[in-house]
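Structural features, examined
Take a look at the letters that make up each chain.
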Amino acid sequence: MVVKFGAATCAVALALSGGSAQAKPYVSSEGEWTLNVAESKYPPAMPVIKDHVMQVTKDDGKVLQYTDNFIIGDEPKTHVTLDGAFDGKPHKMTNGQDMTVVLSENGYRDHWNAPNGTSGWDNCDYSKNVTLMTCHSGFTPPGSKTPVEFVEVWNKTK
């Protein structure tokens, strides 16, 4: 968990804990994640997403590396990778998007900007045993003021 406290807040927290502060152990999301289409909730106008599998090859709480493969509608398979970090700074994805990722208490939050002007976000939380990930997500197309919001549910399959 990434949390920034002021010096006074840290001193109070340390005093209340009897002088020892224990950090929540970091749980990595490394492995294969497969979109559970039946459990995900998309608006009616959204194109069908098929064969959506994400391979998280590195997640140590600092570095995040993954490959995302999916098919949208009748388009050819898309293959996108991120070699980034949980540092709140933009990192370029192979599709040209700038992705910013930070850790949250139970998962991560990201924000991205695409070259065509589309912007989006994902607020993803893991189940207690990190076998399920639920993402409240959305994107705003260029020229639109109204975001398209949806929920994706992912199963850890490897």
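Just above, that's the structure.
Notes on the structure follow.

**Let's talk about the packing of aromatic side chains**
- Counted by the stated rule, this structure contains four aromatic pairs.
- Here Tyr108 and Tyr126 contribute two aromatic rings whose centre-to-centre distance is 6.4 Å and whose plane-to-plane angle is 50°, an arrangement assigned as tilted. Linking Tyr108 in strand S7 (residues 107-113) with Tyr126 in strand S8 (residues 119-126), this pair joins segments that are 18 residues apart in sequence. One exposure class covers both Tyr108 and Tyr126, and it is buried.
- Here the aromatic residues Trp33, Tyr108 and Tyr126 are joined through ring pairs into a cluster of three or more.

**A look at the environment of Lys92**
- For Lys92, the position within the fold is in strand S5 (residues 91-92).
- For Lys92, a relative accessible area of 54% corresponds to the exposed category.
- Filtering out sequence-adjacent residues up to four positions away, Lys92 remains in contact with Leu82, Gln97 and Asp98.
- Here the side chain of Lys92 touches Asp98 through a polar contact of 3.0 Å, side chain to side chain.

**Comments concerning the nonpolar core**
- Core analysis: the largest hydrophobic core is formed by 24 residues, its most contacted members being Trp33, Tyr66, Tyr108 and Met133.
- For this core, the secondary-structure elements that each account for two or more residues are strand S1 (31-35), strand S2 (49-59), strand S3 (63-72), strand S4 (78-85), strand S6 (98-103), S7, S8 and strand S9 (132-140).
- Among all residues touching Tyr108, those that are not within four sequence positions of it are Phe86, Val101, Val102, Leu103, Asp122, Asn123, Cys124, Tyr126, Met133 and Cys135.

**A short note on the side chain of Asp68**
- Tracing the chain through its elements places Asp68 in strand S3.
- Within the buried core, Asp68 has no salt-bridge partner, and the shortest N-O distance to an opposite charge, that of Lys77, equals 9.8 Å.
- Engagement of the side chain of Asp68 in a polar contact is seen with the side chain of His52, the distance being 2.7 Å.
- Those residues within four positions of Asp68 in sequence are excluded, and the remaining contacts are His52, Val53, Met54, Thr78, His79, Val80 and Trp154.

The rules behind these values
The residue numbering used here restarts from 1 in each chain and proceeds along that chain's sequence as written. Selection of residues for local features in this predicted model requires a pLDDT of at least 70, selection of side-chain atom pairs for listing and counting requires 80 or more, and totals for whole chains, interfaces and linings are taken over all residues. Remark: hydrogens and water are excluded; side-chain values derive from all non-hydrogen atoms of the structure. In summary, the pairing rule links any two rings of Phe, Tyr or Trp, Trp by its six-membered ring, whose centres are within 6.5 Å, and it sorts them by plane angle into stacked for under 30 degrees, edge-to-face for over 60 and tilted for everything else. The helix and strand labels rest on DSSP assignments: H or I over at least four residues marks a helix, E over at least two residues marks a strand, and numbering proceeds from the N terminus. Think of it in three bands: residues with accessible area under 20% of the maximum for their type are buried, residues over 50% are exposed, and the middle band is partly exposed, with areas taken using a 1.4 Å probe on protein chains only. Two residues qualify as a contact provided that any one of their heavy atoms is within 4.5 Å of a heavy atom in the partner residue. Two N or O atoms count as a polar contact when they lie within 3.5 Å, although within protein this holds only if one can serve as hydrogen donor and the other as acceptor, and sequence-adjacent residues are included solely when both atoms are side-chain atoms. For the purposes of this section, nonpolar cores are sets of buried Ala, Val, Leu, Ile, Met, Phe, Trp, Tyr and Cys residues that join through side-chain atoms within 4.5 Å. Under this rule, positive means Lys or Arg and negative means Asp or Glu; His and the chain ends count for nothing. Salt bridges are defined by distance alone: a side-chain nitrogen of Lys or Arg within 4 Å of a carboxyl oxygen of Asp or Glu.

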